[in-house]
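If you want the building blocks of each chain, they are given just below.
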Amino acid sequence: MRIFAVTFILALAFALPTHANAATGDTPPLPSIDWSFEGPFGSFDRDALRRGFKVYQEVCSACHSLQFLHYRNLSQTGGPEFTEAEVKAIAANYTVQDGPDEFGDMFDRPALPRDRFVSPFPNSQAARAANGGALPPDLSLIVNARPNGANYLYALLTSYEETPPPDLEMSDTQHYNLAMPGALIAMAPPLLEDIVEYSDNTPATVDNMSRDVTTFLAWAANPHMEQRKRIGFQVMIYLVILAGLLYFATKKLWRGRKWQQPE
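A brief report on the enclosed structure follows. (Residues numbered from 1 in each chain as written. Predicted model: local features only at pLDDT ≥ 70, side-chain atom pairs only at ≥ 80, totals over all residues. Heavy atoms only, no water.)

1. Quick word on the state of the cysteines
- Per the stated rule, a full pass over the model turns up 0 disulfides.
- Looking at the unpaired Cys60, the closest cysteine sulfur is the one in Cys63, lying at 9.0 Å. (Disulfide = S-S within 2.5 Å.)

Printed below as a string of structure tokens:
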């Protein structure tokens, strides 16, 4: 029976969601979106990943980096699954510094699939100077870094309000966002209707773009999620079979024998 108890506990742990259920403290309640990638059998929507990358590339990348992601990751199984030619073309749009060359000098070249995503700023000081003193966070792990990360990010992108309460004190560099503690944020609303043009003719509403870029950033934080889930499921099947074999082997081994209580 202990074997079955252990197996049940492992199965329960595997089935639990990977994110916390809700933000705590003074953060307003978050919406609960039915994301395709959540749950033990969830997977990423490939079309949403491609659209989300387009939103990141054309909007978010102006301020936010993805320092833990390489361009080649865009072609890997379980991700947006761009072709190698598409990835090369995407990388070639950016410039990286390389070297030194044979003369000891550094030089610029087009990025290659092996390169990390190019940061929009050379350093944090330049990033702060360009954003009124605020440092735009790297988005590589943003979904994992926040409780209920996917819902938090979606809420953040869709909760801007043009008119703040009259008693709310705001500086010129702050914006009113209901998803933020204190309802204030330094980032201006990044998404506007039709700010990008989807190649699959999906309407570029703020809601759709928010869902798509959240899906893309969820993958960026967990690029091997689908593989891990497959392996986890296979391990659970193995453990269940092993538990059954051990149970019947133990039952057969002790058949006809009586347990004697030690004196």
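2. Describing helix α6 (residues 149–158)
- Of all 10 residues in α6, 9 are buried, a share of seventy percent or more.
- Of the residues making up α6, those classed as buried are Gly149, Ala150, Asn151, Tyr152, Leu153, Tyr154, Ala155, Leu156 and Leu157.
- Buried positions along α6 lie against α5 (142–145), β4 (184–185) and α7 (206–221). (Buried < 20%, exposed > 50% of the residue type's maximum accessible area, 1.4 Å probe, protein only. Helix = DSSP H or I, 4+ residues; strand = E, 2+ residues; numbered from the N terminus. Contact = heavy atoms within 4.5 Å.)

3. Concerning the side chain of His70
- Inspection of the secondary structure assignment puts His70 in the loop between α2 (46–58) and α3 (84–91).
- Residue classification places His70 among the buried positions, given a relative accessible area of 15%.
- Once you skip the residues sitting within four places of it in the chain, His70 turns out to touch Pro113, Arg114, Asp115, Arg116 and Phe117.

4. Section: α7
- Between its first and last C-alpha, α7 extends 22 Å over 16 residues, near the 22 Å set by a 1.5 Å rise per residue.
- Extensive coverage of α7 is indicated by the burial of 13 of its 16 residues. (Expected span 1.5 Å × (residues − 1).)

5. Points about the pattern of salt bridges
- Tallying each qualifying case throughout the model produces 9 salt bridges.
- In this structure, Arg109 and Asp98 form a salt bridge, with 2.7 Å as the shortest nitrogen-oxygen distance. Taken together, the residues span a long stretch of sequence, with Arg109 in strand β2 (residues 107–110) and Asp98 in strand β1 (residues 95–98) at a distance of 11 residues.
- Assessed through its relative accessible area of 15%, Arg109 is described here as buried.
- Among the residues examined, Asp98 registers a relative accessible area of 24% and is labelled partly exposed.
- Ionic pairing is found between Asp207 and Arg211, a salt bridge with its closest N-O pair at 3.0 Å. Of this pair, Asp207 and Arg211 both sit in helix α7, 4 residues apart, which is roughly one turn of that helix.
- The exposure class of Asp207 is partly exposed, given its relative accessible area of 28%.
- Beyond isolated ion pairs, a larger network of salt bridges with shared partners links Arg46, Glu81 and Glu226. (Salt bridge = Lys/Arg side-chain N within 4 Å of Asp/Glu carboxyl O.)

6. Quick word on the packing of α2 against α7
- Taken N-terminus to C-terminus, the directions of α2 and α7 make an angle of 100°; their axes are 7 Å apart at the nearest point. Put simply, α2 runs roughly perpendicular to α7. Across the interface between the two elements, Ala48, Leu49, Arg51, Gly52, Phe53, Val55 and Tyr56 from α2 touch Met209, Asp212, Val213, Thr215, Phe216 and Trp219 from α7.
- By residue class, the composition of the contact of α2 with α7 is 9 nonpolar, 2 polar and 2 charged. (Axes fitted to C-alpha atoms, helices over the stretch in contact; angles between N-to-C directions. Parallel < 35°, antiparallel > 145°, perpendicular 65-115°, else oblique. Nonpolar A, V, L, I, M, F, W, Y, C, P; charged D, E, K, R; others polar.)

7. What to know about a nonpolar patch on the surface
- Nonpolar side chains collect at one region of the surface, where Phe41, Phe233, Ile237, Ile241 and Leu245 lie side by side and expose about 530 Å² of accessible area between them.
- By secondary structure assignment, the location of Ile237 is in helix α8 (residues 225–253). (Patch = residues over 30% accessible without salt bridge, like charges linked within 9 Å, V, L, I, M, F, W, Y side chains within 5 Å. Areas by Shrake-Rupley, 256 points an atom, 1.4 Å probe, with all protein chains shown as cover.)

8. Topic: the packing of α6 against α7
- α7 packs onto α6 with a crossing angle of 145° between their chain directions and a minimal axis gap of 9 Å. In the crossing of α6 with α7, the sense of the turn from one axis to the other is right-handed. Facing Ala150, Leu153, Tyr154, Leu157 and Thr158 of α6, the residues of α7 in contact are Val206, Asp207, Ser210, Arg211, Val213, Thr214 and Leu217.
- Across the contact of α6 with α7, the residue classes break down as 7 nonpolar, 3 polar and 2 charged. (Left-handed = near helix turned anticlockwise from the far one by under 90°.)

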